[in-house]
Amino acid sequence: MTVALVTGGGSGIGAAACRLLAASGAAVVVADLDLDAARAVAEEVGGTAVRCDVTDPASNEQAVASAEAEHGGLDVVLLNAGVAGGFASWDDLDPVRYRQMTAVNVDGVVFGLRAALPALRRRGGGAVVATASLAGISPSPSSPVYALTKAAVVQLVRSMAPPLALEGVRLAALCPGFVATPLLDGMVERFDEAGFPLLTAEEVAAVAVDLAEHGDPGSCVVVQPGREPLPYAFRGVPGPRGVGQGVLPPTRTPVPTTVASPAAPPATPTA
Ligand SMILES: NC(=O)c1ccc[n+]([C@@H]2O[C@H](COP(=O)([O-])OP(=O)(O)OC[C@H]3O[C@@H](n4cnc5c(N)ncnc54)[C@H](O)[C@@H]3O)[C@@H](O)[C@H]2O)c1
């Protein structure tokens, strides 16, 4: 049986993903800072709940240990917990709130991946989907710090996916536009009034689960209302002039030759 761990599984996209994973026959571990919310979802889907603060490395390790202890292993991880909001303008930037947002949105994915990998390796591979955002690949003037955190997730995924794929671990990112969840903090009516369509948590969760099952390593899939999910095609960047195709810079740690280096000569631009 597939065993799945979902951080931020107590609400919104994470809760919807827990329902879909359970419906497809997976054993689901619902991990959330809000244990009551995690318990409610776990009870609904016949899974287990664990209190997890994704900003804390040990808490991530405990969540993974709980999945292995309760269900015998771990195959799928949705690193989905996230927070938004906080600054009406750049001049309102509060350093404490900034640290909180980067801790949840960036550290939470880094520590979650760090904790999950040994368990996935013990199963001979698996899949990890990190919930980034459209804000991670598109400028977001109204929420630059949130955009910063999600861009970090996108680049972590793009950088880590090739070596992990060689170990049978598929790592991908989910990049949704606006989704009607509690994260929007009462803004849903304003979107409605403005005639701006929102995604549902269920629509986004379905893409996350599909990515976990079939996603290409390193893909960053854009989800927008009324459109098919689209793996975003990043444009190639220039390498050093005069260096031949396929010549990679030296690295401190061995990198498999089949893995493209970000500093390698550019691929043909695709977007
Ligand atoms: N709602 C949107 O418009 C939108 C758009 C793009 C991306 N996202 C991303 O989707 C993900 C899920 O968000 P959502 O919209 O379902 O929001 P949500 O608020 O409904 O759910 C977020 C969950 O994360 C949990 N959480 C917060 N801090 C945590 C921590 N330190 N440790 C563990 N859990 C913690 C919360 O308790 C909550 O259950 C987030 O990463 C968010 O940034 C949301």
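Below you will find a few notes about this structure. (Residues numbered from 1 in each chain as written. Predicted model: local features only at pLDDT ≥ 70, side-chain atom pairs only at ≥ 80, totals over all residues.)

### Considerations on helix α7 (residues 201-214)
So, point 1. Its 14 residues place the ends of α7 20 Å apart at the C-alpha level, agreeing with the 20 Å of an ideal helix rising 1.5 Å per residue.
So, point 2. Those residues of α7 lying buried are Ala201, Val204, Ala205, Val207, Ala208, Val209, Leu211 and Ala212.
So, point 3. In the core, the buried residues of α7 are packed alongside α1 (12-23), β4 (76-79), β5 (126-131), β6 (169-176) and β7 (220-223). (Helix = DSSP H or I, 4+ residues; strand = E, 2+ residues; numbered from the N terminus. Expected span 1.5 Å × (residues − 1). Buried ≥ 20, exposed ≤ 12 C-beta atoms within 10 Å, placed from the backbone. Contact = placed C-beta atoms within 7 Å.)

### Let's talk about the pairing of β6
So, point 1. Taking burial as the measure, the 8 residues of β6 include 8 buried ones, the bulk of the element.
So, point 2. Burial along β6 is two-sided: the face carrying Val169, Leu171, Ala173 and Cys175 and the face carrying Arg170, Ala172, Leu174 and Pro176 are both buried.
So, point 3. Bridging between β5 and β6 involves 6 bridges; their strand directions are parallel. Each bridged residue has a counterpart across the sheet, and for alanine 127 the counterpart in β6 is arginine 170.
So, point 4. In the classification by handedness, the crossover that spans β5, the intervening helix α5 (residues 144-165) and the parallel β6 is right-handed.
So, point 5. Alignment of β6 against β7, held across 4 bridges, turns out to be parallel. Counterpart to leucine 174 in the pairing with β7 is valine 221. (Pairing = 2+ DSSP bridges. Right-handed = clockwise from strand over helix to strand, strands pointing away.)

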